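Okay, here's what each chain looks like letter by letter:
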Protein chains: 2
Amino acid sequence: MKATETAPTAADIRDARERIAGVARETPVYSSETFSRIAGRDVWLKAENLQRTGAFKVRGAVNRLATLTESEREAGVVAASAGNHGQAVAWAARQAGVNARIYVPQDAPMSKVEACRTYGAETVMVGERFEDAMASARADVEERHATFIHPFEDPIVIAGQGTIGLELAEQVADAETVVIPVGGGGLAAGIAIAIRELRPDVRLVGVQAGLSGFTIADGIFVKQPGELTMAILDDVLEEMVEVDDEAISEAIVLLLERSKLVVEGAGAVGVAALLGGKIGGTGPVAIVLSGGNIDPTLLISVVRHGLTLDGRYLVLRTRIADRPGELVKLLELIAQERGNVVSVEHHREGMDVPVAQTEVELTLITRDQEHVAVLLAAMKSWGYEVERLK
Amino acid sequence: MKATETAPTAADIRDARERIAGVARETPVYSSETFSRIAGRDVWLKAENLQRTGAFKVRGAVNRLATLTESEREAGVVAASAGNHGQAVAWAARQAGVNARIYVPQDAPMSKVEACRTYGAETVMVGERFEDAMASARADVEERHATFIHPFEDPIVIAGQGTIGLELAEQVADAETVVIPVGGGGLAAGIAIAIRELRPDVRLVGVQAGLSGFTIADGIFVKQPGELTMAILDDVLEEMVEVDDEAISEAIVLLLERSKLVVEGAGAVGVAALLGGKIGGTGPVAIVLSGGNIDPTLLISVVRHGLTLDGRYLVLRTRIADRPGELVKLLELIAQERGNVVSVEHHREGMDVPVAQTEVELTLITRDQEHVAVLLAAMKSWGYEVERLK
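Only a predicted model underlies this, so the values are computations on that prediction, with no experimental measurement involved. (Residues numbered from 1 in each chain as written. Chains lettered and ligands numbered in written order. Predicted model: local features only at pLDDT ≥ 70, side-chain atom pairs only at ≥ 80, totals over all residues. Heavy atoms only, no water.)

K.L.:
When you look at the overall build of chain A in this model, what are you seeing that I'm missing?
P.N.:
A tally of helices and strands in chain A yields 16 helices and 14 strands. For chain A, the proportion of its 390 residues judged to be buried stands at 57%. Sequence separation of 24 or more characterises 73% of the internal contacts of chain A that already satisfy a separation of 6 or more. When the accessible area of chain A is evaluated, it comes to approximately 15800 Å², of which 49% is carbon and sulfur surface. Looking at charge distribution, chain A has the averaged site of its 39 positive side-chain charges lying 4 Å from that of its 56 negative ones. (Helix = DSSP H or I, 4+ residues; strand = E, 2+ residues; numbered from the N terminus. Buried < 20%, exposed > 50% of the residue type's maximum accessible area, 1.4 Å probe, protein only. Contact = heavy atoms within 4.5 Å. Areas by Shrake-Rupley, 256 points an atom, 1.4 Å probe, with all protein chains shown as cover. Lys, Arg positive; Asp, Glu negative; His and termini not counted. Charge placed at Lys NZ, Arg CZ, Asp CG, Glu CD.)

Structure follows, in structure tokens:
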């Protein structure tokens, strides 16, 4: 427990709240009818995806910037991240009138780098790996006496994230359980310290993305709690649970479709845990949606995957005789069963396709798994060999 | 101006606000850095997509349900719509403890019908066209003395939608312009009446989806203002502008990516008009995002289309020699230029493909239009004939 000697106190978090007021947003909470029904208990969503820059990280960054000395302000701040932390530092520095330099690998997604630039930071693309960016940031600290802002191993940053706990204690006063994503652990540590003091009986559950989850919840997968945050979490969390990519994917789609909220993978792990029955307890649950910065191309894949699991997308392969009118006949039969054709691919040749036949791959919009089953059965009864691809 | 004799007054709207308090939500407004920068003036978004059932329609429905007599409550209510209006009536009826019967065509999207059922309404799927559902609803009114709830030609419904105007006058007190989607016109009429009284100097701009826009803004395209709403709008709107599908599509993607909000086509027309420079005026603008109920399969197409316009998706066709190693060589060259391959399609035969060659269709994730240009130029310099498909 040595490291917790530097853990922020509830008083530090109250100070942080005053510093960030009017700069970071007090984000709303929403009751969710869909999730409450699924879970059989009241479910509240803390929409931190609607925070400035799209994630909770600005709270810590604003608090950190507000505590710089005059000479530190003049030397500027640096961060090594093109993700939520980097964008938050860029944004908070601009608000504070301080220069920020954000170091990122050359391959960092352009949309993230652009965001940092738009927020007024100097961005430096360097090297192939994250470690290269980190080394350059450290060199900047050495040479220009800039302040390196760590994404989570910093009590002032943790205190900033903890302001969410103060808001939650007011917004969902009857919460029995609070569910918090855990990446580096700064968010969970801060919220837990605040809630432990104000609502000592609340159960605090941390959620991590399982090791398989490197594509969807990248915001938290690359991180593990640090020494400071881990010591705090060991002390204050009731439980730590894990979720996988499938569950996160389903959570993202439901949040999008039902709650009209764009939530990134790392931000949706709490809902994923709820859907998987991993939260425990019985009373009202408040779930922190930590951010909404998901790449649109990834979002497309996730939604498509979710719809396929739900039977609302059907990709199938079949064969038709290679003569005029056969494709039209097939499409008419499918329309009759109310399958909505998105695309048709024709393959006139292939190793396994008999000479007089053509292979056709169809993508259809369907209603649900039952509709898929009815449609496939109908095609078979008309004499088509059908293979479902996804 | 005969019809305006029955237009609701600002006092009716204040009464409505009291009736819907605690049932419908008072939705938040968000300042948008992205849109403010693009427009060169402060832009505020009224997030009515976060309303109960995902659209503003519950305001009017709750107000209408609250004004039923005891015998009307017993006979129940009916609506002909599986869209936002139908869902709103279903939801409001359940909250009021009244039976609702929602008539929809057989082909109505299952997700919408499901939503009405989940909200506790009886749903009746009847006929092929909207008119069939409408006829059945009218028959229900005749036979069971049910109350038909019109989506907009009803002063009590209009007064309910007008409560948004009261909220906006408080939330964005310095708005110089308020921008409102116009479909049936009930939303715009209600908001305009409220704002005209509280903030007589505010410019009110209505936005319609152009006639080409039947796919994306279906929520407003199918409707035209009615006699009552048109009379009100003629009287109170400064201007009516039109936007097309491309602009709506771009607005949806920006709202999703930057504001983390899921907004349907009909709800995004105000932002589309802003992006197209069609709003006029100079001061702060408040834009009503009227709803978020977009079908996820449509959302996927819209986002993909938006990314392609932005140079972040590239589909191209080229040819390679039909011998081992050629495809790998091509893919390595593309990787070198940092194109991220999403899919590869091989067509070994085709009318225009020489015998010793294979046609390859590639889908790549790219950074921006500049990256696309560099990548296409590199491929040409390596000797590939390249055709960009979208």
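K.L.:
How should the packing of aromatic side chains be read in this particular structure?
P.N.:
Any aromatic ring pair is given by two values, namely how distant the centres are and how the planes are angled relative to each other. For the structure shown, the criterion picks out zero aromatic pairs over all chains. The side chain of B:Arg138 reaches across the aromatic face of B:Phe148, ending 4.3 Å from its centre. (Phe/Tyr/Trp six-rings, centres within 6.5 Å; stacked < 30°, edge-to-face > 60°. Lys NZ or Arg CZ within 6 Å of the ring centre and 35° of its normal.)

K.L.:
Even after reading the chapter, I still don't get the interface of chain B and chain A, so can you show me in this structure?
P.N.:
Reports often express the size of an interface as the amount of accessible area lost when the parts come together. Taken together, the contacts link 45 residues of chain B with 45 residues of chain A. Between chain B and chain A the total buried area reaches about 3700 Å² when both faces are included, carbon and sulfur atoms providing 54% of it. At the boundary of chain B and chain A, one finds three salt bridges. At seven residues, the largest contribution of residues to the side of chain B that touches chain A is made by helix H14 (residues 296-309) of chain B. (Buried area = accessible area lost by both parts, 1.4 Å probe. Salt bridge = Lys/Arg side-chain N within 4 Å of Asp/Glu carboxyl O.)

K.L.:
How should the packing of helix H1 (residues 10-20) of chain B against helix H8 (residues 155-171) of chain B be read in this particular structure?
P.N.:
Between two packed helices, both the angle of their axes relative to each other and the distance between the axes serve to describe the pair. Residues and elements named next belong to chain B. Axis separation between H1 and H8 bottoms out at 8 Å; the angle between their running directions is 90°. When the axes of H1 and H8 are compared, the pair comes out roughly perpendicular. Side by side, H1 and H8 meet where Asp-12, Ile-13, Arg-14, Ala-16, Arg-17 and Ile-20 of the first sit next to Ala-159, Gly-160, Gly-162, Thr-163, Leu-166, Glu-167 and Glu-170 of the second. Within the contact of H1 with H8, the residues separate by chemical class into five nonpolar, three polar and five charged. (Axes fitted to C-alpha atoms, helices over the stretch in contact; angles between N-to-C directions. Parallel < 35°, antiparallel > 145°, perpendicular 65-115°, else oblique. Nonpolar A, V, L, I, M, F, W, Y, C, P; charged D, E, K, R; others polar.)

K.L.:
Sorry if this is basic, but what is going on with the pairing of strand S13 (residues 357-365) of chain B here?
P.N.:
Each regular strand displays side chains that alternate between the two surfaces of the sheet. All names here are of chain B. Among the nine residues of S13, seven are classified as buried, and the element is accordingly described as predominantly covered. Note that strand S11 (residues 313-321) and S13 share nine bridges and pair antiparallel. Pairing of Arg-317 across the sheet is with Glu-361, part of S13. (Pairing = 2+ DSSP bridges.)

K.L.:
Could you clarify how one ought to interpret unusual backbone geometry in this entry?
P.N.:
What you tend to see is this: most non-glycine residues have negative phi, and most peptide bonds are trans. Not every positive phi belongs to a glycine, and A:Arg338 is a case in point at roughly 65°. We classify A:Arg338 as partly exposed; its relative accessible area is 34%. Although it is not a glycine, B:Lys260 adopts a positive phi angle of roughly 60°. Of note, B:Lys260 is situated in the loop between helix H12 (245-259) and helix H13 (269-275). Take B:Lys260: its relative accessible area is 5%, and that puts it in the buried class.

K.L.:
Could you clarify how one ought to interpret the relation of the copies chain B and chain A in this entry?
P.N.:
Mapping between the two copies of the chain is achieved by a rotation about an axis and a shift along the axis. At an RMSD of 0.2 Å, chain B and chain A line up after a rotation of 180° and a shift of 0.1 Å along the axis. The relationship between the two copies is best expressed as a two-fold rotation axis. Both copies contact each other with a shared surface, as 98% of the interface residues of chain B are interface residues in chain A too. (Least-squares fit on C-alpha atoms with pLDDT ≥ 70 in both.)

K.L.:
Where do I start with the sheet that holds strand S6 (residues 147-148) of chain B in this structure?
P.N.:
Think of a sheet as strands paired side by side through backbone hydrogen bonds, with each pair either parallel or antiparallel. Residues and elements named next belong to chain B. Spatially, the four strands line up as an open sheet ordered S5-S4-S3-S6, and their pairing is parallel. Only two strands of the sheet have a single neighbouring strand rather than two, namely strand S5 (122-125) and S6. Bridge count between strand S3 (residues 77-80) and S6: two bridges; the pairing is parallel. Counted as the bridge partner of Val-77 is Thr-147 from S6. Contacting S3 and strand S4 (100-104), helix H5 (residues 84-96) runs over the sheet at an angle of about 165° to S4.

K.L.:
Help me understand the environment of A:Met240, please; the structure alone is not making it clear to me.
P.N.:
Residue and element names in this part refer to chain A. Note on placement: Met-240 falls in strand S9 (residues 239-243). A relative accessible area of 30% places Met-240 in the partly exposed class. Along the chain, Met-240 and Glu-167 lie 73 residues apart, while their C-alpha atoms are 22 Å from each other. Discounting residues that sit within four places of it in the chain, Met-240 has contacts with Val-182, Gly-206, Val-207, Gln-208 and Leu-233.

K.L.:
Would you explain the confidence of the model for chain A in this entry?
P.N.:
Do not read the predicted coordinates in detail wherever pLDDT is low. Summary statistics for chain A give a mean pLDDT of 90 and a share of 93% for residues scoring 70 or more. We note a pTM of 0.88 for the whole complex and an ipTM of 0.86 for its interfaces. (pLDDT = per-residue confidence, 0-100.)

K.L.:
Sorry, what's going on with helix H9 (residues 186-198) of chain A here?
P.N.:
Each α-helix winds once per 3.6 residues, and so residues spaced three or four apart point in a common direction. Residue and element names in this part refer to chain A. The end-to-end C-alpha distance of H9 is 19 Å, a good match for the 18 Å that 13 residues give at a rise of 1.5 Å each. Most of H9 sits out of view: ten of its 13 residues are buried. Turning to H9, its buried residues number three or more, namely Gly-186, Leu-187, Ala-188, Ala-189, Gly-190, Ile-191, Ala-192, Ile-193, Ala-194 and Ile-195. In this structure, the buried residues of H9 make contact with helix H1 (10-20), helix H8 (155-171), strand S7 (177-181), strand S8 (203-209), helix H11 (227-236) and strand S10 (285-289). (Expected span 1.5 Å × (residues − 1).)

K.L.:
When you look at the packing of helix H9 (residues 186-198) of chain B against helix H11 (residues 227-236) of chain B in this model, what are you seeing that I'm missing?
P.N.:
Residue and element names in this part refer to chain B. Two elements in contact, H9 and H11, have axes whose closest approach is 9 Å; the angle formed by their N-to-C orientations is 40°. Taken together, the axis directions place H9 and H11 in an arrangement best described as oblique. Crossing of H9 over H11 shows left-handed handedness. For the pair H9 and H11, the contacting residues are Gly-186, Ala-188, Ala-189, Ala-192, Ile-193 and Arg-196 in the first and Thr-229, Ile-232, Leu-233 and Val-236 in the second. (Left-handed = near helix turned anticlockwise from the far one by under 90°.)

K.L.:
Hey, could you run me through the environment of B:Gly40 in this one?
P.N.:
Structurally, B:Gly40 is set in the loop between helix H2 (33-39) and strand S2 (43-47). Note: C-alpha distance between B:Gly40 and B:Ser343 (303 residues apart in sequence) is 40 Å.

K.L.:
Before we go on, may I ask you to explain the pairing of strand S5 (residues 122-125) of chain A in this structure?
P.N.:
Residues and elements named next belong to chain A. Across four bridges, the pairing between strand S4 (residues 100-104) and S5 is parallel. Within S5, the residue paired with Arg-101 across the bridge is Glu-122. You can see the chain leave S4, run along helix H6 (residues 110-118) and come back into S5, and the turn it takes is right-handed. (Right-handed = clockwise from strand over helix to strand, strands pointing away.)

K.L.:
How should I be thinking about the pattern of salt bridges in this particular structure?
P.N.:
Close approach of charged atoms allows side chains of opposite charge to pair. The tally for this structure, following the rule as stated, stands at 44 salt bridges over all chains. For A:Glu114, the salt bridge is made with A:Arg117, and the minimal N-O distance between the two is 3.7 Å. Taken together, the positions of A:Glu114 and A:Arg117, both in helix H6 and three residues apart, correspond to about one turn of that helix. Note that B:Arg196 and B:Glu238 form a salt bridge whose closest N and O atoms lie 2.8 Å from each other. Taken together, the residues span a long stretch of sequence, with B:Arg196 in helix H9 and B:Glu238 in the loop between H11 and strand S9 (239-243) at a distance of 42 residues. Here B:Glu238 falls in the partly exposed class, since its relative accessible area comes to 47%. Within this structure, A:Lys46, A:Glu48, A:Arg59 and A:Glu167 form a network of salt bridges that share partners.

K.L.:
Is there a simple way to think about the sheet that holds S5(A) in this case?
P.N.:
All names here are of chain A. Read from one edge to the other, the open sheet built from four strands follows the order S5-S4-S3-S6, with strand pairing classed as parallel. Each edge of the open sheet is held by one strand with a lone partner, namely S5 and strand S6 (147-148). Sheet contacts for H6: S4 and S5; angle to S5, the most-contacted strand, approximately 150°.

K.L.:
Is there a simple way to think about H11(B) in this case?
P.N.:
B:Leu228, B:Thr229, B:Ala231, B:Ile232, B:Leu233 and B:Val236 are the residues of H11(B) that are buried. Where H11(B) is buried, its residues contact H8, H9, strand S8 (203-209) and S9 of chain B.

K.L.:
Whenever I open this one, the side chain of A:Thr318 confuses me. Can you help?
P.N.:
In this structure, A:Thr318 sits in strand S11 (residues 313-321). Excluding anything up to four places from it in sequence, A:Thr318 contacts A:Leu330, A:Thr358, A:Glu359, A:Val360, A:Met379, A:Tyr384, A:Glu385 and A:Val386.

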